[in-house]
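So the chains spell out like this:
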Amino acid sequence: MGRNPGRPKKKTAKRKYIKPLGYDFTVMFIVLTLVLFGVVMIFSSSYYYTMTTERFNNDMFYFLKRQSVWAVLGICAMLFCMNVPYTFWKRFARLAYWLSNIFLAMLPFFGTEAGGQKRWLGIGSLSFQPSEFTKIAVILYLSVYVIDHRKELANIKGFAKACCVLLLPVALIAVSNFSSALLVGLMGATILFIASPRVWYFGAAIAGALPLCAIAVLLPQFRYRLGRIQTWLDPWSDPTGAGFQTIQSLYALASGGLFGLGLGQSRQKTFIPEAYNDIIFAIICEELGLVGAALVILLFAVLIWRGIKIAINAKDSFGMLVATGITAVIAFQSIINIGVVTNTIPNTGQPLPFVSYGGTSLVFLMIMVGILLNISRYPKDRE
């Protein structure tokens, strides 16, 4: 029998293509400005140290050249990620999460020691900090997890399971790097706070975390962390030891005045150990003064605001949660760094995002910014 010519053809629904919008160029401009500014400040804060140190072959451009290479790699990574649909990374979230935990578990046994702690893994002549990779992995996997278990988050058992997903990498990081563990914990808590329908669960979670924090400070092998709190309260109690860096940083802040001593004219960089690293904001204050420091803080404030706006306007829950996590990393990390330099919080090692010296930190931050920029291309309520 032939086909009935009178029967209408069955139409198949076509998926409508949604043309992406342009990137959030405010975010891109601020990030590139901070990266280039960081390269300049790293040179300004390090040239005296490297030109007077044989370990660096008396090369005043030593850190400038290295950071410039990392900046180029970071920008390339950002350009790549901003052109890859952010949903692409969802399929690798679980793998990245467990891979990051494996890397963290390897640190006590195979890690490279620096500053008395094993925070680096070496692969041939290269080395990287697993904690930086963990930030991205936790953002992606925790976002996928809470979306897949959204109904379970309404009860305490389901919320506790989500907390355990976050707690595992945080505990592994805390063994050697309490400040990074704190940062990942704050970032993950922000994602859970946004996703959870029960706010009071966070009170229970905080109460449960307090004993763990006490253990991380009071155990004999971690007693140095308690010493940091004592130094924070009175850095002049040990002016040539534990309080030396804090005191010199405060001198730099005070000597900068309104407009600073001028680029490259810092005096405290000859005293502050590794001034180009976590403490670079003190050199910014000394050389560029209150005005320069305020402009840097303003750039971070606008960047965080734009990140929040991207999260609010994201077209789906995954984009919203990932953008929230990335913005939280930048916000908390900058607050912690500036708080340490100004002695507002106890001394702990967190670089100033995009500005401090460090290849691993810069490249992974630029990857996160690339993902954030891609999310900005797909706002909600668009046909």
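Going by the structure above, here's the rest.
Residues numbered from 1 in each chain as written. Predicted model: local features only at pLDDT ≥ 70, side-chain atom pairs only at ≥ 80, totals over all residues. Heavy atoms only, no water.

Novice: Would you mind going over helix α10 (residues 280-313) with me for this structure?
Specialist: The periodicity of an α-helix, 3.6 residues per turn, causes residues three or four positions apart to be oriented the same way. With 34 residues, α10 ought to run about 50 Å at 1.5 Å a step, yet its terminal C-alpha atoms sit only 34 Å apart, falling short of that. Helix geometry: α10 is bent most strongly at G289, by close to 125°. (Helix = DSSP H or I, 4+ residues; strand = E, 2+ residues; numbered from the N terminus. Expected span 1.5 Å × (residues − 1). Bend = angle between axes of the 7 residues up to and from the residue.)

Novice: Honestly, helix α9 (residues 244-256) in this entry has me stumped. Any pointers?
Specialist: Here α9 is 13 residues long and its end C-alpha atoms lie 19 Å apart, about the 18 Å a rise of 1.5 Å per residue gives. The set of residues buried in α9 consists of T246, I247, Q248, S249, A252 and G256. The inward-facing, buried residues of α9 abut α10 and α11 (317-341). G257 occupies a position one or two residues after α9 and carries a positive phi of about 65°. (Buried < 20%, exposed > 50% of the residue type's maximum accessible area, 1.4 Å probe, protein only. Contact = heavy atoms within 4.5 Å.)

Novice: How should I be thinking about a nonpolar patch on the surface in this particular structure?
Specialist: Nonpolar side chains collect at one region of the surface, where L258, F259, L290, V291, L295 and L298 lie side by side and expose about 600 Å² of accessible area between them. Relative to the elements of secondary structure, V291 occurs in helix α10. (Patch = residues over 30% accessible without salt bridge, like charges linked within 9 Å, V, L, I, M, F, W, Y side chains within 5 Å. Areas by Shrake-Rupley, 256 points an atom, 1.4 Å probe, with all protein chains shown as cover. Salt bridge = Lys/Arg side-chain N within 4 Å of Asp/Glu carboxyl O.)

Novice: Looking at this structure, how should I read the packing of helix α4 (residues 130-148) against helix α5 (residues 156-174)?
Specialist: Helix packing geometry: the angle between the two helix axes and the distance between the axes. In contact at an axis separation of 11 Å, α4 and α5 are set at 175° when each is read in the N-to-C sense. It follows from the interaxial angle that α4 and α5 lie roughly antiparallel. Each of S131, T134, V138, Y141, L142 and Y145 in α4 lies in contact with α5, whose residues at this interface are K161, A162, V165, L166, P169 and I173. Class assignment for the residues of the contact of α4 with α5 results in nine nonpolar, two polar and one charged. (Axes fitted to C-alpha atoms, helices over the stretch in contact; angles between N-to-C directions. Parallel < 35°, antiparallel > 145°, perpendicular 65-115°, else oblique. Nonpolar A, V, L, I, M, F, W, Y, C, P; charged D, E, K, R; others polar.)

Novice: What's the story with the packing of aromatic side chains in this structure? I'm lost.
Specialist: Applying the stated criterion across every chain yields a total of 20 aromatic pairs. Here the aromatic rings of F56 and Y62 are separated by 4.7 Å at their centres, their planes lie at 50°, and the arrangement is tilted. Note on F56: relative accessible area 5%, which makes it buried. Members of the aromatic cluster, each reached through a chain of ring pairs, are Y49, F56, Y62, F63, Y276 and Y357. Above the ring of W305, the side-chain terminus of R306 is found at 5.0 Å from the ring centroid. One cation-aromatic arrangement involves R377 over Y23; the distance from NZ or CZ to the ring centre is 4.5 Å. (Phe/Tyr/Trp six-rings, centres within 6.5 Å; stacked < 30°, edge-to-face > 60°. Lys NZ or Arg CZ within 6 Å of the ring centre and 35° of its normal.)

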